[in-house]
Amino acid sequence: MDAGCPRLPDTVLFEIFLYLDHADVLSVGLVCQQWRAVARDEFLWKELFYRYYRVSRDVPRHPGAVSWYDEFQRLYDTIPCVEVQALKEHNDQVLHLSFSHSGCLFASCSKDCTVKIWSNDLDISLQHSSNMRPYNWSYTQFSQFNSDDSLLLVSGVFVGPHNSSSGEIAVISMENFTLLSRVRNKPYDVFGCWLNETNLISGNLHRIGRITSCSVLWLNNAFQGIESENVNVVKRLFKIQNLNASTIRTVMVADCSRYDSPDLLLDYEEQLAASSTSPAFDLGSDSEEEEAKPKLPPEPAVQELPDARAVPAEHGLQQLFDDIMEGRMRPAMTETELETKVAELFVRNRTKPPEPNLLPTDSKSKTKYLIFTTGCLTYSPHQIGIKRILPHQMTTAGPVLGEERRSDEFFDSLDHVIDIHGHIIGMGLSPDHRYLYVNSRAWPRDCVISDPMQPPPIAEEIDLHVFDLKTMKEVKRALRAHRAYTPNEECFFIFLDVSRDFVASGAEDRHGYIWDRHYNICLAKLQHDNVVNSVAFSPVEQELLLTASDDTTIKVWRSPRAVRIRQARRPRPRKLLFSWLMNQKS
């Protein structure tokens, strides 16, 4: 026993632990031998963990952890919650951030109508800035690097004739920062995304009626200056009908090839089944992966197809018109209800059925999912649509309008739909593309929408849902902590990001938030002076996080551990007195 350190019962030491902060608890082993003995007591650290973080006791330890002490240390020492730099080169609201896959660069978009490229060195510095105002852009809103980081997709709001606003996508070369091509994108909050290294997806919208439209998704070649006029630079991918003023927005692509080997399994039973075949990995490193035990996929969860024996659409339309003319419709239908009913009847036998067996059965499958927000009740995006992209569709080769269609396949159906029951304001994929995280603001329970132009009020609390794209089911309970205040008609996108162990999101309450993916607990609040629009983890170093805000700044956050390592690497300046003495000697 160290001198001056009284002997205390372990139960008393444990109660003392509960009133210490993280730093005190982790350094307590340096005080005396008794503390060090307690620090090795796995049972006490387990109790401390559950009580300190208020985690339910049916939640097992992280599958990669070797002890509860290490888990306590991980959740203190590896969270990027220390502000190390504030970037102020933008002069208006910063809307979006995106890292290159190598982690060496990142891009930022802003209301100042520039996209800026930053170099992620020891101290982050500005490498290039592109002003999009000469191309009649109002502002830049989204960016994404292609898979080999040679090209950057930039999405913005384009000001057209008579001050009408639409969207446009620009492709910028990372070799010399030249603009390679521009693609129209409507509506602008489709954003756009890469399908592969050289092809990107954009949208277009065609009005059919007052509240009925058709969204067309296009595959575009990034290099529009093709040397041969016989090679397509664009091809129609899908054509989907929209009802009740809804449209397709926020497109992204998920790669199904890694569903059987995710970085982190969120289902605890799957974790247990995989633990016998999965080696433990260093929770402070991004170099190892947890190998999941392959399981047979469940039955596909796809939309229910119309009964083939049902009344044909033409007969249904005729019956509807006869009922209206002869006064058999009770109560009388409004103009909006009539348009929706006619559109539903028209599309019934004019839509290509969903692809069978949506869920991939082969871990080496080259299938990809196109994921986007949509709806069926109102213009507020309240559903997630999923459409499978087959290998032969991943090129612009072939007819510009796609494969020849029969008259009964005028529209494409969705392969799966997830209903959120609220206004979707953000989506993000886990690094392995197995899980989809969704920010939403809930509608009142049991609300009824009678007018698609008057959606229900939305909650101030933001729910962060998690969906397993292998099973198409929601996993875990929704995360909560962040808030938003704008009403439906002014609601805007709040971008989130997911690393191997953490998920982060912006919010309108002037904070960014970080949660642990395994324990479902909020770990940190990151302060700004205004709305936080976007967050981004480094893909190679999850202990580095960026946040972008309406306060015009980008803040750089690192973990306490990373800060200590960086400080140790920096050369320490010699004290003035020591320097003076050395000069006197010489």
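Everything quoted here is computed from the prediction, not taken from an experiment. (Residues numbered from 1 in each chain as written. Predicted model: local features only at pLDDT ≥ 70, side-chain atom pairs only at ≥ 80, totals over all residues. Heavy atoms only, no water.)

S.K.: Honestly, the overall build of the chain in this entry has me stumped. Any pointers?
M.R.: Per the secondary structure count, the chain includes 10 helices and 30 strands. Burial statistics for the chain: of 586 residues in total, 53% are counted as buried. Taking all contacts inside the chain whose residues are at least 6 apart in sequence as the whole, residues at least 24 apart take part in 61%. (Helix = DSSP H or I, 4+ residues; strand = E, 2+ residues; numbered from the N terminus. Buried < 20%, exposed > 50% of the residue type's maximum accessible area, 1.4 Å probe, protein only. Contact = heavy atoms within 4.5 Å.)

S.K.: Would you explain the sheet that holds strand E8 (residues 165-173) in this entry?
M.R.: Two strands in a sheet stick together by hydrogen bonds in their backbones, pointing the same way (parallel) or opposite ways (antiparallel). Taken in spatial order, the 4 strands make up an open sheet running E6-E7-E8-E9, and their pairing is antiparallel. A strand with exactly one partner marks an edge of an open sheet, and here the two such strands are strand E6 (137-145) and strand E9 (179-185). Strand-to-strand, the axes of this sheet are offset by a mean angle of 25°, without reference to chain direction. Bridge count between strand E7 (residues 151-159) and E8: 9 bridges; the pairing is antiparallel. If you follow Val157 over to E8, its bridge partner there is Gly167. (Pairing = 2+ DSSP bridges. Axes fitted to C-alpha atoms, helices over the stretch in contact; angles between N-to-C directions.)

S.K.: Mind showing me how you'd approach the pattern of salt bridges here?
M.R.: Any two side chains of opposite charge can pair if their charged atoms end up close together. For the coordinates displayed, the defined rule picks out 20 salt bridges. The salt bridge involving Asp516 is made with Arg74; its shortest N-O contact spans 3.1 Å. Linking Asp516 in strand E26 (residues 511-516) with Arg74 in helix H5 (residues 68-77), this pair joins segments that are 442 residues apart in sequence. Neither Asp516 nor Arg74 differs from the other in exposure class; each is buried. The salt bridge partner of Arg184 is Glu168, with a shortest N-O separation of 3.7 Å. With Arg184 in strand E9 and Glu168 in strand E8, this pair connects stretches of sequence that are 16 residues apart. In the salt-bridge network here, residues are joined through shared partners; they are Glu71, Arg74 and Asp516. (Salt bridge = Lys/Arg side-chain N within 4 Å of Asp/Glu carboxyl O.)

S.K.: What is the right way to look at helix H4 (residues 42-53) in this model?
M.R.: Since the α-helix turns once every 3.6 residues, residues separated by three or four places project in the same direction. Between its first and last C-alpha atoms H4 spans 16 Å; for 12 residues at 1.5 Å apiece the expected length is 16 Å, and the two agree. Within H4, burial applies to Leu44, Trp45, Glu47, Leu48, Phe49, Tyr50 and Tyr53. Downstream of H4 by a residue or two, Arg54 has a phi angle that is positive, lying close to 55°. (Expected span 1.5 Å × (residues − 1).)

S.K.: Please clarify how the confidence of the model for the chain should be interpreted in this entry.
M.R.: In regions of low pLDDT, the predicted coordinates are not meant to be interpreted in detail. Looking at the chain as a whole, its pLDDT mean stands at 82, while 74% of the residues score no less than 70. In this model residues 3-9 is a low-confidence stretch, pLDDT under 50, and it forms 8 contacts with partners more than four residues away in sequence or in other chains. Segment residues 278-311: pLDDT under 50, and 69 contacts once partners within four positions in sequence are set aside and those in other chains are kept. (pLDDT = per-residue confidence, 0-100.)

S.K.: When you look at the side chain of Ser67 in this model, what are you seeing that I'm missing?
M.R.: Assignment of secondary structure puts Ser67 in the loop between H4 and H5. Residue Ser67 is classed as buried on the basis of its relative accessible area of 14%. A distance of 3.1 Å separates the side chain of Ser67 from the backbone nitrogen of Asp70, its partner in a polar contact. (Polar contact = N/O pair within 3.5 Å; in protein donor to acceptor, adjacent residues only side chain to side chain.)

S.K.: What's the story with the nonpolar core in this structure? I'm lost.
M.R.: Nonpolar side chains in soluble globular proteins tend to be buried together. Ile371, Ile384, Leu436 and Leu469 are the most contacted members of the largest nonpolar core, which totals 18 residues. Those elements that provide at least two residues to this core are strand E14 (249-255), strand E16 (368-374), strand E17 (383-389), strand E20 (422-429) and strand E21 (435-442). Considering every element that reaches this core, the biggest residue donor is E20, with 3 residues. (Core = buried A, V, L, I, M, F, W, Y, C linked by side-chain atoms within 4.5 Å.)

S.K.: What exactly am I supposed to notice about the sheet that holds E20 here?
M.R.: Strand order in the open sheet formed by 4 strands is E20-E21-E22-E23, and the pairing between neighbours is antiparallel. Of all the strands in the sheet, just E20 and strand E23 (473-474) have a single pairing partner and so form its edges. One ladder, built from 7 bridges, connects E20 with E21; its direction is antiparallel. Bridge pairing in E21 places Met427 opposite Val438.

S.K.: For this particular structure, what's the right way to read the pairing of strand E25 (residues 502-505)?
M.R.: Sheet faces and side chains relate simply in a regular strand, where the side chains alternate between the two faces. Taking every second residue as pointing to the same face, both faces of E25 are buried, with Phe502 and Ala504 on one and Val503 and Ser505 on the other. Two strands pair when backbone bridges link them, and strand E24 (residues 496-498) and E25 are joined in this way by 3 bridges, in the antiparallel orientation. Within E25, the position partnered with Val498 by the bridge is Val503. The turn linking E24 back onto E25 is made up of 3 residues. Note that E25 and E26 share 4 bridges and pair antiparallel. Pairing of Val503 across the sheet is with Trp515, part of E26. Turn length for the E25-E26 hairpin, with the two strands adjacent in sequence and antiparallel, is 5 residues, and the turn residue Arg510 shows positive phi of about 70°.

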